Amino acid sequence: MTAANTVTLYTDGASRGNPGDAAWAYMIVQEGAIAASRSGYIGKATNNVAEYHAVINGLRAARAFTEGRLRVRSDSELVVRQLTGRYRIRKEHLAVLAGEVQQLVRNFAEVRFESVPREHPCIQVADRLCNDVLDSEAGRR
């Protein structure tokens, strides 16, 4: 995959408590610029569930930007390793979410899942989006 013809999806999920209030966020980067970003509240969930929801929502949105090559980057090594087959998925609820991811992957010519450190600038933006959602939900109570 070359950067010139690849759209990159950055994802993050967060949970305050595990399980606890949870949110997801994604950012789509195309030609070096942020093309789209979004975040949402899940309710009570684990961090891993939030991470999967970030990938699922990001993949849905990425269809508007490419049907070709997509690079998905996450700081969740567990999710990346499960989606690439390095780790077995032992929890049924995560297997269901991984199945949804695999269905969405079919919309693209090629999808590559990559683990990146949480210090990556784009992951930091997605993390901030998650925390903004969680702060907003906490303020409603």
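You'll find the structure just up there.
Just so it is clear, the structure is predicted and the values come from calculations on it, not from any experiment. (Residues numbered from 1 in each chain as written. Predicted model: local features only at pLDDT ≥ 70, side-chain atom pairs only at ≥ 80, totals over all residues. Heavy atoms only, no water.)

A look at the state of the cysteines
Filter applied, for reference: Cysteine sulfur atoms are paired as a disulfide whenever they come within 2.5 Å of each other.
The final tally for this structure, using the stated rule, is zero disulfides. Of all cysteine sulfurs, the one in C122 lies closest to C130, which takes part in no disulfide; the gap is 14 Å.

Describing the pairing of strand β4 (residues 69–74)
What counts here: Type-normalised accessible area, obtained with a 1.4 Å probe on protein chains alone, sets the label of each residue: buried when under 20%, exposed when over 50%, and partly exposed for intermediate values. Comment: elements are numbered from the N terminus, with helices defined as DSSP H or I runs of at least four residues and strands as E runs of at least two. Strands qualify as paired when DSSP identifies two bridges or more between them.
For β4, the tally of buried residues reaches five of six residues, placing the bulk of the element in the interior. Pairing analysis gives six bridges linking strand β1 (residues 6–17) to β4, with the strands arranged parallel. Bridge pairing in β4 links T11 to S74. Summarising the sheet, β4 and strand β5 (residues 110–115) pair through six bridges and their orientation is parallel. Across the sheet, S74 pairs through a bridge with S115, a residue of β5.

Comments concerning the pattern of salt bridges
What counts, and what does not: A side-chain nitrogen of Lys or Arg and a carboxyl oxygen of Asp or Glu constitute a salt bridge if their distance falls within 4 Å.
Following the criterion strictly, the structure yields seven salt bridges and no others. Across the salt bridge formed by E110 and R69, the nearest N and O atoms sit 3.3 Å from each other. Of this pair, E110 sits in strand β5 while R69 is found in strand β4, placing the two residues 41 residues apart along the sequence. Looking at R69, the relative accessible area reads 32%, which means it is partly exposed.

A short note on the layout of surface pockets
For clarity, the threshold we go by: Computed over the protein atoms alone on a 1 Å grid, cavities are sets of points where a 1.4 Å probe fits but cannot get out and pockets are open sets with protein on both sides within 12 Å along at least five of seven lines; a residue lines them when it has an atom within 4 Å of a point. Grid points are joined across faces, edges and corners, and a volume is the space filled by probe spheres set on the points. In this count, Pro and Cys sit with the nonpolar residues alongside Ala, Val, Leu, Ile, Met, Phe, Trp and Tyr, while Asp, Glu, Lys and Arg are called charged and the others, Gly among them, polar.
Size it by volume and the largest pocket reaches roughly 150 Å³. Counting only elements with at least two residues in the lining of the largest pocket, the list comes to β1, α1 (47–62) and α4 (121–139). Ranked by the residues each element gives to the lining of the largest pocket, the list is headed by α4, at three residues. Residue composition of the lining of the largest pocket, by class: one nonpolar, four polar and five charged.

Some remarks on the packing of aromatic side chains
Put simply, the test is: The aromatic pairing rule takes the rings of Phe, Tyr and Trp, using the six-membered ring of Trp, and pairs them if the centres are within 6.5 Å, calling planes under 30 degrees apart stacked, those over 60 edge-to-face and the rest tilted.
Applying the stated criterion to the full structure yields one aromatic pair. Ring geometry for W24 and Y26: centres 6.0 Å apart, planes at 5°, overall stacked.

Re the side chain of T66
Formally: The term polar contact refers here to a pair of N or O atoms within 3.5 Å; inside protein, the definition further demands a hydrogen-donor-capable atom paired with an acceptor-capable atom, and it admits residues adjacent in sequence only when both atoms are side-chain atoms. Should any heavy atoms of two residues lie within 4.5 Å, those residues are counted as being in contact.
Structurally, T66 can be placed in the loop between α1 and β4. At a separation of 2.7 Å, a polar atom in the side chain of T66 contacts the main-chain amide nitrogen of G68. Aside from chain neighbours lying at most four places away, what touches T66 is V7 and F108.

Side note on the sheet that holds strand β2 (residues 20–30)
Our working definition: Orientation is described by lines fitted to C-alpha atoms, with helices fitted over the stretch in contact, and by angles between N-to-C directions that extend from 0 to 180 degrees.
One open sheet holds the five strands; their spatial order is β3-β2-β1-β4-β5, and the pairing between them is mixed. The open sheet has two free edges, formed respectively by β3 (33–45) and β5, since each of these has just one partner strand. Ignoring which end each strand starts from, the neighbouring axes of this sheet average 20° apart. Against the sheet, α1 touches β1, β2, β3, β4 and β5, its axis set at about 150° to β1. Here α4 sits on the sheet and contacts β1, β2, β3 and β4; the angle it forms with β1, its principal contact strand, is near 40°.

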